[in-house]
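# Structure assessment
Here is how the chains run, residue by residue.
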Amino acid sequence: MRVIRTEVSPLDDEALVTRARAGDLEAYNLLVARHTASAYRTAVLLGAGSDSEDVIQEAFVKAYRKLSRFRGDASFRSWLLTIVANEARNLHRSRGRRDGLVLRAAAADPASEMVEDDAVGAVLAGERRASLVQALRQLPVRDREVIVCRYFLDLSEEETVAALGWPRGTVKSRTSRALAKLRSLLDREEVRHG
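Source: prediction; values computed, not measured. (Residues numbered from 1 in each chain as written. Predicted model: local features only at pLDDT ≥ 70, side-chain atom pairs only at ≥ 80, totals over all residues. Heavy atoms only, no water.)

## Side note on the pattern of salt bridges
Tallied over the entire structure, the rule returns 9 salt bridges. With a shortest N-O distance of 2.7 Å, aspartate 143 and lysine 181 are connected by a salt bridge. Of this pair, aspartate 143 sits in helix H7 (residues 141-152) while lysine 181 sits in helix H9 (residues 168-192), and the two are 38 residues apart along the sequence. In this structure aspartate 143 comes out as buried when scored by relative accessible area, which is 0%. Residue arginine 168 pairs with glutamate 158 through a salt bridge whose shortest N-O separation is 2.3 Å. (Salt bridge = Lys/Arg side-chain N within 4 Å of Asp/Glu carboxyl O. Helix = DSSP H or I, 4+ residues; strand = E, 2+ residues; numbered from the N terminus. Buried < 20%, exposed > 50% of the residue type's maximum accessible area, 1.4 Å probe, protein only.)

## Structural notes on the side chain of arginine 144
With respect to the helices, strands and loops of the structure, arginine 144 is situated in helix H7. Summary of buried charges: arginine 144 has no salt-bridge partner, and the nearest side chain of opposite charge, glutamate 145, is 7.0 Å away. Leaving out residues up to four positions away in the same chain, arginine 144 has contacts with Leu45, Leu46, His92, Leu136, Arg137 and Leu139. (Lys, Arg positive; Asp, Glu negative; His and termini not counted. Contact = heavy atoms within 4.5 Å.)

## Considering the confidence of the model for the protein chain
Overall, the prediction assigns the protein chain a mean pLDDT of 80, with 74% of residues at 70 or greater. Scored below 50 in pLDDT, residues 110-116 shows 5 contacts in the model against residues more than four places distant or in partner chains. pLDDT under 50 marks residues 123-129. Its contacts with residues more than four places away, or in other chains, come to 5 contacts. (pLDDT = per-residue confidence, 0-100.)

## Side note on the environment of leucine 91
Checked against the element boundaries, leucine 91 lands in helix H4 (residues 76-108). A C-alpha to C-alpha distance of 9.6 Å links leucine 91 and serine 52, two positions 39 residues apart in sequence. Apart from residues no more than four positions distant in its own chain, leucine 91 is found in contact with Ala48, Asp51 and Val55.

## Quick word on H7
Turning to H7, its buried residues number three or more, namely Asp143, Arg144, Glu145, Val146, Ile147, Val148 and Cys149. Aspartate 154 sits one or two residues past H7 and shows a positive phi near 55°.

## Here we look at the layout of surface pockets
Here the second largest pocket defines a volume of roughly 190 Å³. What lines the second largest pocket is Arg69, Phe70, Arg71, Gly72, Asp73, Ala74, Ser78, Trp79, Thr82, Ala162 and Ala163. Among the elements of the structure, H4 and helix H8 (157-164) are those that each provide at least two residues to the lining of the second largest pocket. Element by element, the count of residues in the lining of the second largest pocket is highest for H4, at 3 residues. Here the lining of the second largest pocket is composed, by residue class, of 5 nonpolar, 3 polar and 3 charged. (1 Å grid on protein atoms, 1.4 Å probe; cavity = no way out; pocket = protein on both sides within 12 Å on 5 of 7 lines; lining within 4 Å. Points joined across faces, edges and corners; volume = space filled by probe spheres on them. Nonpolar A, V, L, I, M, F, W, Y, C, P; charged D, E, K, R; others polar.)

## Here's the deal with helix H1 (residues 13-21)
Listed in full, the buried residues belonging to H1 are Asp13, Leu16, Val17 and Ala20. With its buried residues spanning 100° around the axis, H1 presents them on a single face. Residues of H1 that are exposed and point over 90 degrees away from its buried face: Glu14 and Thr18. Of the residues trailing H1, glycine 23 is marked for its positive phi of about 100°. (Arc of directions from axis to C-beta.)

Structure, rendered in structure tokens:
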């Protein structure tokens, strides 16, 4: 007796997007499962820290709502990571406003120095990560974004162009400059720690 095995090939993203657009929630759930890890890495590396899960949840919700706008010019993954990057930027803006309010309130009321200390302590605790991530976070936002896309998320140059919405030449030149800055930061960190 011979057993014949038939393998079911997993659907590619394009097929899952088509099914999800037609209302198949299971297809969208498969997309979420497939891309959660890279979305999470993106959020963390772009500085979302402990809010990374919130960032990716919001990104997946927005992606589902805007699925009809996905044109397929780039991969679903790079389109989704663009949304994640935008959500991380939104988080930075809201954090900046909140931290500014805390610091202004502390300056207005010297008795509230404890609030300022808590805010500073939270920032310092967030920066105590691996030296690479620490150096990465010292880069300007645009440099960090291009490094994260190209090397941490392993996006192709074309996918990085689509994800960041920059011209190809900008991606190339910024990648080169960002890598040089990152090397310099890592070299300084290495010298400092012996």
